[in-house]
Amino acid sequence: MIERIWSGRSALYLPLVPLSWLYGLISNLIRLSYVWGLRKAWRATVPVVVVGNLTAGGNGKTPVVIWLVQALQQRGLRVGVVSRGYGGKADRYPLVLDNRTTTVQAGDEPVLIYQRTGAAVAVSPVRKEAVQALTEQANIDIIITDDGLQHYALARDFEIVVIDGKRRFGNGWWLPAGPMRERASRLRTVDAIVTNGGEAQAGELAMQLNPGDAVNIRSGETCPAMMLTNVVAMAGIGHPPRFFATLHQQGVMPVKEVPFADHQSYQPAQLAALLAPGETLLMTEKDAVKVRSFAEDNWWYLPVDAELPQAASGALLDRLCALTAKR
């Protein structure tokens, strides 16, 4: 229902418009308080790059963060990642991730980023504290913040906004009547725009999410997704239909598609109940990091990697590397 309202295909957003005006007023006042110097943002000793979005829901931000971290690592930079750790609840903050950190503690996206990149990752609701924890414990050249475009208390040197190229900005309204956290005019002030799928507009970097082979969660065995039989697909991400569409493009036609809420936690019996005898469970990698400890032999995930045009992405990486030379 919310997807239909936010997309502009329903007029049910109208009763929510007063709340949207209130949301927009408050968010603009917060941002302007920093622009006008009424509040002072904290600046780190190393460059900070924000990867965020203007809309609620899955835009492909985390794959961009993973791509960015790996690309900068290949250029010899020591990269740190900070996150709010949404969905996790640690005993104390800031929490610096290690091999024992669970998604219950840190949230799913930080654990996924840590496992995929090996970068130093810290989470805290106060991102300043996460940045300080990383710079105090490790030699870091540059910090990437996973989300946090609207967290103006943390000064940033570079802003990247990720857009869903197919959904764009829906009906254009602020939350809750629409998907917007900030107006689309905010794009005029950011340093780079990455568009996930759809049609990239002038000045935007086109990105595609390329799936790899399916991976068995327990054994690590890999195989083309289309080789799996009697697939039940599940996705607990911001926009589950994107995952199901990716499966269709790979020749996988699930017998059932089950969407879950973003960042949802799972119980073993809950997921086992999705399957009939002889069926295979296929999920996103973001879901897989949450169920690894109790996965069954017939549970698989499909990893995806962000791909950007070589020339444009190379120019972007050059700009980020130049930031480290100035500090």
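Residues numbered from 1 in each chain as written. Predicted model: local features only at pLDDT ≥ 70, side-chain atom pairs only at ≥ 80, totals over all residues. Heavy atoms only, no water.

Identification of the protein chain as Tetraacyldisaccharide 4'-kinase from Erwinia billingiae is taken from an unreviewed UniProt entry. Word for word, the UniProt comment on the protein chain under Function (unreviewed entry) is "Transfers the gamma-phosphate of ATP to the 4'-position of a tetraacyldisaccharide 1-phosphate intermediate (termed DS-1-P) to form tetraacyldisaccharide 1,4'-bis-phosphate (lipid IVA)." What UniProt states about the protein chain under its Sequence similarities (unreviewed entry) heading is, verbatim, "Belongs to the LpxK family." (UniProt positions renumbered as here; feature names shortened; annotations may be inferred.)

Q: Looking at this model, I keep getting lost on the packing of helix α3 (residues 61-74) against helix α10 (residues 310-326). Mind explaining?
A: The relative placement of two packed helices comes down to the angle between their axes together with the axis-to-axis distance. α10 packs onto α3 with a crossing angle of 70 degrees between their chain directions and a minimal axis gap of 11 Å. Relative to α10, the element α3 lies roughly perpendicular. You can see that α3 and α10 cross each other, and the crossing is right-handed. Between α3 and α10, the contacting residues are Trp67, Leu68, Ala71 and Leu72 on the first element and Ser313, Leu316, Leu317, Leu320 and Cys321 on the second. (Axes fitted to C-alpha atoms, helices over the stretch in contact; angles between N-to-C directions. Helix = DSSP H or I, 4+ residues; strand = E, 2+ residues; numbered from the N terminus. Parallel < 35°, antiparallel > 145°, perpendicular 65-115°, else oblique. Left-handed = near helix turned anticlockwise from the far one by under 90°. Contact = heavy atoms within 4.5 Å.)

Q: How should the nonpolar core be read in this particular structure?
A: Soluble globular proteins tend to bury their nonpolar side chains together. Core analysis: the largest hydrophobic core is formed by 41 residues, its most contacted members being Val49, Leu68, Leu72, Ile144 and Ile160. Of the residues forming this core, the biggest block, eight residues, is contributed by α3. Other than its neighbours up to four places away in sequence, Leu68 contacts Val49, Val51, Ile144, Ile160, Leu317 and Leu320. Core analysis: the next-biggest nonpolar cluster, separate from the first, contains 18 residues, Val232, Leu271, Ala295 and Tyr301 among them. (Core = buried A, V, L, I, M, F, W, Y, C linked by side-chain atoms within 4.5 Å. Buried < 20%, exposed > 50% of the residue type's maximum accessible area, 1.4 Å probe, protein only.)

Q: What should I look at first to understand helix α7 (residues 240-249) in this one?
A: The α-helix advances 3.6 residues per turn, and as a result positions three or four apart in sequence lie on the same side. Those residues of α7 not exposed but buried are Pro240, Arg242, Phe243, Phe244, Thr246 and Leu247. Downstream of α7 by a residue or two, Gly251 has a phi angle that is positive, lying close to 85 degrees.

Q: What am I meant to see in the UniProt feature "transmembrane region" (unreviewed entry) in the protein chain here?
A: In this structure's numbering, the residues bearing the UniProt feature "transmembrane region" (unreviewed entry) are residues 12-30. Split by type, residues 12-30 is 74% helix and 0% strand. Its first and last C-alpha atoms lie 28 Å apart.

Q: Looking at this structure, I do not really get the environment of Ile2. What am I missing?
A: Within the secondary structure, Ile2 is located in helix α1 (residues 2-7). In this structure Ile2 comes out as partly exposed when scored by relative accessible area, which is 45%.

Q: I keep staring at the sheet that holds strand β9 (residues 214-216) and nothing clicks. Help me out?
A: Note: strands within a sheet are paired through backbone hydrogen bonds, in either parallel or antiparallel orientation. A sheet is described by the order of its strands in space; here six strands give the open sequence β10-β9-β14-β13-β11-β12, paired in mixed fashion. One side of each edge strand has no neighbouring strand; the edge strands of this open sheet are β10 (222-223) and β12 (256-259). In this structure, β9 lies alongside β10, joined through two bridges in antiparallel fashion. Bridging from a neighbouring strand, Ala214 pairs with Cys223 of β10. Along the sheet, α7 contacts β11 (231-235), β12, β13 (280-284) and β14 (299-302); its crossing angle with β11, the most-contacted strand, is approximately 150 degrees. (Pairing = 2+ DSSP bridges.)

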